[in-house]
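Analysis of the macromolecular model
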Amino acid sequence: MTRFIFVTGGVVSSLGKGLASAALGALLQARGYKVRLRKLDPYLNVDPGTMSPYQHGEVYVTDDGAETDLDLGHYERFTGVPARQSDSVTTGRIYGDIIGKERRGDYLGATVQVIPHVTDAIKKFVLADTDGHDFVLCEIGGTVGDIEGQPFLEAIRQLRNDLGAARTAYVHLTLVPYIPSAGELKTKPTQHSVKELRSIGIQPDVLLCRCDREIPESEKRKIALFCNVRNENVITALDVGTIYEVPLRYHEQGFDEVVLRAFGIDNAPAPDLSVWQNIVRHVKEPEGEVTIAVVGKYTGMKDAYKSLNEALVHGGIANNVKLNVEWVDAEIFEAEDPVQKLHDVHGILVPGGFGERGTEGKIAAARVARERNIPYFGICLGMQMAVIEAARHLAGIDGAGSSEFPNCKVPVVGMMTEWLRGNELEKRRQGGDLGGTMRLGEYPCDLMPRTRARAVYGAERIMERHRHRYEINTQFQPQLEKAGLVFSGMSPDRTLPEIVEIPEHPWFVGVQFHPELKSKPFEPHPLFASFVEAAVKQSRLV
Ligand code: GLN
């Protein structure tokens, strides 16, 4: 029997609902349950694929090629369960489907309405593709009281009637602020937010209260009384030093236990939390530290590089070192010499990105890394920039560039108009729609013998996730390889370069895919582990 846990948020946004859901998923999994996590986002975009990283943070890509909310990254990092297209939905997608059906006449003359048509579509999404799971956790984006969120709340309200109380539980995340001038914790915002939920017919079972200090019993009793929940179901969610501590702290507070009890389960096996204890020990007691410069475009918005930042932390865990990340805006290198800033870092990483702004700065950063033997990791755009740099300065191809940018003279990086996915041909047009027209999701890559890539992965074929329009042009492969840039990973049909490396360099690797999306704290991605290992070696030299 699949049970459903609905996670809503109140008072303010950014309380960490995604993390809370992910940590609860991890705790249930640690008790032996099979879990799946999904996100319902009330905005009108069909998916976050076309949204600016400044506004919405990173776009998380799934194996099956969906462009989703970054919370799905948390889910995967905490549970190891690969997210799917069916784990992410938005108002835009729901309405798109409904309007398509209406135009086809599928509603047989009925007036199409929010209730029941939109709510039915939401419920269908919640219930789909859940076979074999013990718990499905559904996080509702936004904050209770938002206009856009109403159909979603209405749908999950109906689900309690449809499925019964034994198969549904509502967890509500709120904020209990401390007011220094009064010297008091305030429960009123929580009371109001629960009142709002109850006014639409949802009585939360468990309240998870974010607070910068332990909430005293007297205050918990007050919250319980006003919000109509049991005393022990008011849980303090304390701020913590590392996000990987969240499952442990929640468990100490009894969170997973009260959630299970809300379903009438009081004999669940105790969780095995050794994995999380291990991770936290590595993060909190490192044996050294290294500094990595991330030369990117969206450096002012940390959420834009969420998975990347976590993957670097995982690389640190693998090597038992603390990772200091220096976020550097690539654009500054268009005016100033990058050597000043980069000569003493232990590794340089150029991440993915779109558009021309800052690209000459990224090329300059790749050059410093190559010429000064500083470990370099180029991801997607970061690989393309490293290839352009090598083309210009190693292979002597003047004007080498990418056709993504105006006035490109020699397209060493260009747009492929068709490529294979399995046995199917995928096509793309210049000037087509921006949304959903990229090479997206998981593709195989063959690793060439006697290369670093092959050694790092210890495999001949790997699968990695993609999100890009442009590819390295294989026409230039012979010239580039002669100049010292080896194509060490290729698509099985050898048309799409996936990995390049410089064998003469201590660690210089560019990948066309996004390895950061697959890294987990309990299973650091091999490339990140190896890159940080190289950075540790570098730190002993400088
Ligand atoms: N803009 C580049 C492309 O579309 C790189 C994309 C990326 O870094 N994710 O190919």
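Every chain's residues receive numbers from 1 upward, in the order its sequence appears when written. Only residues with pLDDT of 70 or above have their local features reported here, since the model is predicted, and side-chain atom pairs are shown and tallied only from 80 upward, although totals for entire chains, interfaces and linings are computed over all residues. Calculated side-chain values reflect all of the structure's heavy atoms, with hydrogen atoms and water omitted.

1. A word on the sheet that holds strand E17 (residues 410-415)
Strands sit in the order E16-E17-E22 across an open sheet of three strands; the sheet is mixed. Of all strands in the sheet, those with a lone pairing partner are strand E16 (400-402) and strand E22 (470-472), marking the two edges. Within the sheet, the average angular offset between the axes of one strand and its neighbour, ignoring direction, is 35 degrees. If DSSP finds at least two bridges between two strands, the strands pair. Only runs of H or I of at least four residues qualify as helices and only runs of E of at least two qualify as strands under DSSP, and these elements are numbered from the N terminus. Where E17 lies against E22, three bridges are found, and the strand directions are antiparallel. Note that in E22 the partner of Met-415 across the bridge is Tyr-470. Between N-to-C directions, angles cover 0 to 180 degrees, with each direction set by a line fitted to C-alpha atoms, over the stretch in contact for helices.

2. Here's the deal with the pattern of salt bridges
One speaks of a salt bridge when a side-chain nitrogen belonging to Lys or Arg is within 4 Å of a carboxyl oxygen belonging to Asp or Glu. Tallied over the entire structure, the rule returns 38 salt bridges. Between Arg-93 and Asp-47 there is a salt bridge, and its shortest N-O distance comes to 4.0 Å. Placement of the pair is Arg-93 in helix H4 (residues 91-104) and Asp-47 in the loop between strand E2 (35-41) and helix H2 (53-56), with a sequence separation of 46 residues. Think of it in three bands: residues with accessible area under 20% of the maximum for their type are buried, residues over 50% are exposed, and the middle band is partly exposed, with areas taken using a 1.4 Å probe on protein chains only. The exposure class assigned to Arg-93 is partly exposed, which follows from its relative accessible area of 27%. For Asp-47, a relative accessible area of 17% translates into the label buried. A salt bridge links Glu-76 to Arg-465, with the nearest nitrogen and oxygen atoms 3.0 Å apart. Placement of Glu-76 in helix H3 (residues 71-79) and of Arg-465 in strand E21 (residues 461-468) is noted, with a sequence separation of 389 residues between them.

3. Examining the site of the ligand
Taken together, the neighbourhood of the ligand is formed by Gly-352, Gly-353, Phe-354, Cys-380, Leu-381, Gln-384, Glu-404, Arg-467, His-468, Arg-469, Tyr-470 and His-514. Under the rule applied, a polar contact is a pair of N or O atoms within 3.5 Å (in protein, one hydrogen donor and one hydrogen acceptor; residues adjacent in sequence only if both atoms are side-chain atoms). Gly-353 places a main-chain nitrogen or oxygen 2.9 Å from an oxygen atom of the ligand. At a separation of 3.1 Å, an oxygen atom of the ligand approaches a polar side-chain atom of Gln-384. All accessible-area figures derive from a Shrake-Rupley calculation using a 1.4 Å probe, and residue coverage is judged against the displayed protein chains alone. Contact with the protein chains removes 99% of the 290 Å² of surface that the ligand exposes when unbound. The class makeup of the residues in the shell around the ligand is four nonpolar, five polar and three charged. We call a residue near a given molecule or strand whenever any one of its heavy atoms falls within 4 Å of it. Residue polarity follows a fixed list, in which Ala, Val, Leu, Ile, Met, Phe, Trp, Tyr, Cys and Pro are nonpolar, Asp, Glu, Lys and Arg are charged, and the others, Gly among them, are polar.

4. What about the pairing of E2?
The buried fraction of E2 is high, at seven of seven residues. What you see with E2 is no split at all: Val-35, Leu-37, Lys-39 and Asp-41 on one side and Arg-36, Arg-38 and Leu-40 on the other are buried throughout. As paired strands, E2 and strand E6 (residues 135-140) are joined by six bridges and run parallel to one another. Of the residues in E6, the one forming a bridge with Val-35 is Phe-135.

5. Some details on helix H6 (residues 150-163)
The end-to-end C-alpha distance of H6 is 20 Å, a good match for the 20 Å that 14 residues give at a rise of 1.5 Å each. Among the residues trailing H6, Gly-164 stands out with phi positive, at a value near 95 degrees. Expected helix span is computed as 1.5 Å times (number of residues minus one).

6. Some remarks on the side chain of Gln-158
If you trace the backbone, Gln-158 turns up in helix H6. At 2.8 Å, the side chain of Gln-158 and the side chain of Lys-123 are in polar contact. Here a residue-residue contact requires only that any non-hydrogen atoms of the pair lie within 4.5 Å. Discounting residues that sit within four places of it in the chain, Gln-158 has contacts with Ile-115, Thr-119 and Lys-123.

7. With respect to the sheet that holds strand E7 (residues 168-175)
If you walk across this open sheet you meet the seven strands as E5-E2-E6-E1-E7-E10-E11, and the pairing is parallel. Because the sheet does not close on itself, it has two edges, and the strands there are strand E5 (88-90) and strand E11 (234-238). When the angles between neighbouring strand axes are averaged without regard to direction, this sheet yields 20 degrees. Packing of helix H8 (residues 217-227) onto the sheet brings it into contact with strand E10 (206-211) and E11, and relative to E11 it is tilted by some 125 degrees. Contacting strand E1 (3-9), E6, E7, E10 and E11, helix H10 (residues 255-262) crosses the sheet at an angle of about 160 degrees to E10.

8. Overview of the packing of helix H14 (residues 359-371) against helix H15 (residues 381-393)
Between H14 and H15, whose axes approach to 8 Å, the crossing angle comes to 70 degrees. Of the possible angle classes, the one that applies to H14 and H15 is roughly perpendicular. Here the hand of the crossing between H14 and H15 comes out right-handed. Between H14 and H15, the contacting residues are Thr-359, Glu-360, Lys-362, Ile-363, Ala-366, Arg-367 and Arg-370 on the first element and Leu-381, Met-385, Ala-386, Ile-388, Glu-389, Arg-392 and His-393 on the second. To sort the angles, those under 35 degrees are grouped as roughly parallel, those over 145 as roughly antiparallel, those from 65 to 115 as roughly perpendicular, and the leftovers as oblique. Helix crossings get a hand from a simple test, with the near helix turned counterclockwise from the far one by less than a right angle marking a left-handed crossing and a clockwise turn marking a right-handed one.

9. Notes on the nonpolar core
The biggest cluster of nonpolar side chains holds 48 residues, and the ones touching the most others in it are Ile-5, Leu-28, Phe-135, Tyr-250 and Phe-255. Apart from the residues lying within four places of it in its own chain, the contact partners of Phe-255 are Leu-24, Val-171, Val-206, Leu-208, Ile-235 and Tyr-250. The term nonpolar core refers to a set of buried residues drawn from Ala, Val, Leu, Ile, Met, Phe, Trp, Tyr and Cys, joined through side-chain atoms within 4.5 Å. Listed in part, the 42 residues of the second largest apolar core include Val-345, Ile-363, Ala-386 and Ile-388.

10. Topic: the environment of Val-283
In this fold, Val-283 is placed in helix H11 (residues 274-284). Owing to a relative accessible area of 27%, Val-283 belongs among the partly exposed residues under this scheme. With 175 residues separating them in the primary sequence, Val-283 and Leu-108 have C-alpha atoms 59 Å apart. Aside from chain neighbours lying at most four places away, what touches Val-283 is Thr-242 and Ile-317.

Read these as layout, nothing more, since geometry by itself doesn't imply function.
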